[in-house]
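One-letter residues, chain by chain:
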Amino acid sequence: PIFELGLQRPRHRCCLCLEGHGHALPLLALGLGVSEEDPCVRALALQSERFNVRPGGTWTPLPDSSPWGSHFAVLASGRAQIVMGLGTEQRQVMPLKAGELIPEGTIAEFGGRLLVGGKPCEIYRVKQSDFRLATIPAGKVEWLLRLKMLKNEAEKGCRQKLMNTQGCLDARTKSDNLDRKSVV
């Protein structure tokens, strides 16, 4: 029955592999030059959590303080916007396209979420603990160093844009409060 779902018969008892290049997602989507046959890449693919988000839907990242620890995510297909605020006070923070790394903890820290545009999105969530365990055998391979650099750049850029947007939202709230006081 499980093989009717598009899964191949496992080569080993403990391993199920997706058809095509799915067994290397999410890292293959980042364009790091990873090999689909790399055991570390395959281990991360098996441990990652996959989300299909419909157009107009939202995806809420987990905070670093979640019971499962910190995470990062990868937007494997589609486009999305990081947004903050609610209702009429919702602000776009930054666009994301397929192949981008999503620093979940940073977005959650600022109360942000992903809003999906006109096409469905495929997002993969990777626990940092699984990432560390899966990459122990890799040592200092080139793709692992590029991934760490990509994670740092995504974290820094996203944090700056979230801080700027938070400042705009705070200024708007203070301005509205002053307007209400002057009316009274």
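Residues numbered from 1 in each chain as written. Predicted model: local features only at pLDDT ≥ 70, side-chain atom pairs only at ≥ 80, totals over all residues. Heavy atoms only, no water.

Observations regarding the layout of surface pockets
- Put simply, the second largest pocket is a space of about 160 Å³.
- Along its surface, the second largest pocket is lined by 14 residues, and D64, H71, P103, Q128 and E155 are the ones closest to its centre.
- Top contributing element to the lining of the second largest pocket by residue count: helix α2 (residues 104-109), with 4 residues.
- A class-by-class count of the residues in the lining of the second largest pocket yields 3 nonpolar, 5 polar and 6 charged. (1 Å grid on protein atoms, 1.4 Å probe; cavity = no way out; pocket = protein on both sides within 12 Å on 5 of 7 lines; lining within 4 Å. Points joined across faces, edges and corners; volume = space filled by probe spheres on them. Helix = DSSP H or I, 4+ residues; strand = E, 2+ residues; numbered from the N terminus. Nonpolar A, V, L, I, M, F, W, Y, C, P; charged D, E, K, R; others polar.)

Concerning the sheet that holds strand β7 (residues 113-116)
- Spatially, the 4 strands line up as an open sheet ordered β2-β7-β4-β5, and their pairing is antiparallel. Two strands lie at the open edges of the sheet, namely β2 (58-59) and β5 (91-97), each paired on one side alone.
- Where strand β4 (residues 79-84) and β7 come together, 4 bridges link them in antiparallel fashion. Pairing of A80 across the sheet is with V116, part of β7. (Pairing = 2+ DSSP bridges.)

Observations concerning helix α3 (residues 128-135)
- Within the span of α3, buried status applies to Q128, D130, F131, A134 and T135. Mapping the buried residues of α3 onto a view down its axis gives an arc of 160°, with all of them on the same face. Opposite the packed face of α3, turned more than 90 degrees from it, sit the exposed residues R132 and L133. (Buried < 20%, exposed > 50% of the residue type's maximum accessible area, 1.4 Å probe, protein only. Arc of directions from axis to C-beta.)

Quick notes on helix α1 (residues 39-47)
- Of all the positions in α1, only C40, V41, R42, L44 and A45 are classed as buried.
- N-capping of α1 is provided by D38, with a side-chain oxygen placed 2.8 Å from the backbone N of C40. (Polar contact = N/O pair within 3.5 Å; in protein donor to acceptor, adjacent residues only side chain to side chain.)

Some thoughts on the confidence of the model for the protein chain
- Residue-level pLDDT values for the protein chain average 83, and 80% of them are 70 or greater.
- With pLDDT under 50 throughout, residues 1-21 is counted as low confidence; its partners more than four residues away or in other chains account for 23 contacts. (pLDDT = per-residue confidence, 0-100. Contact = heavy atoms within 4.5 Å.)

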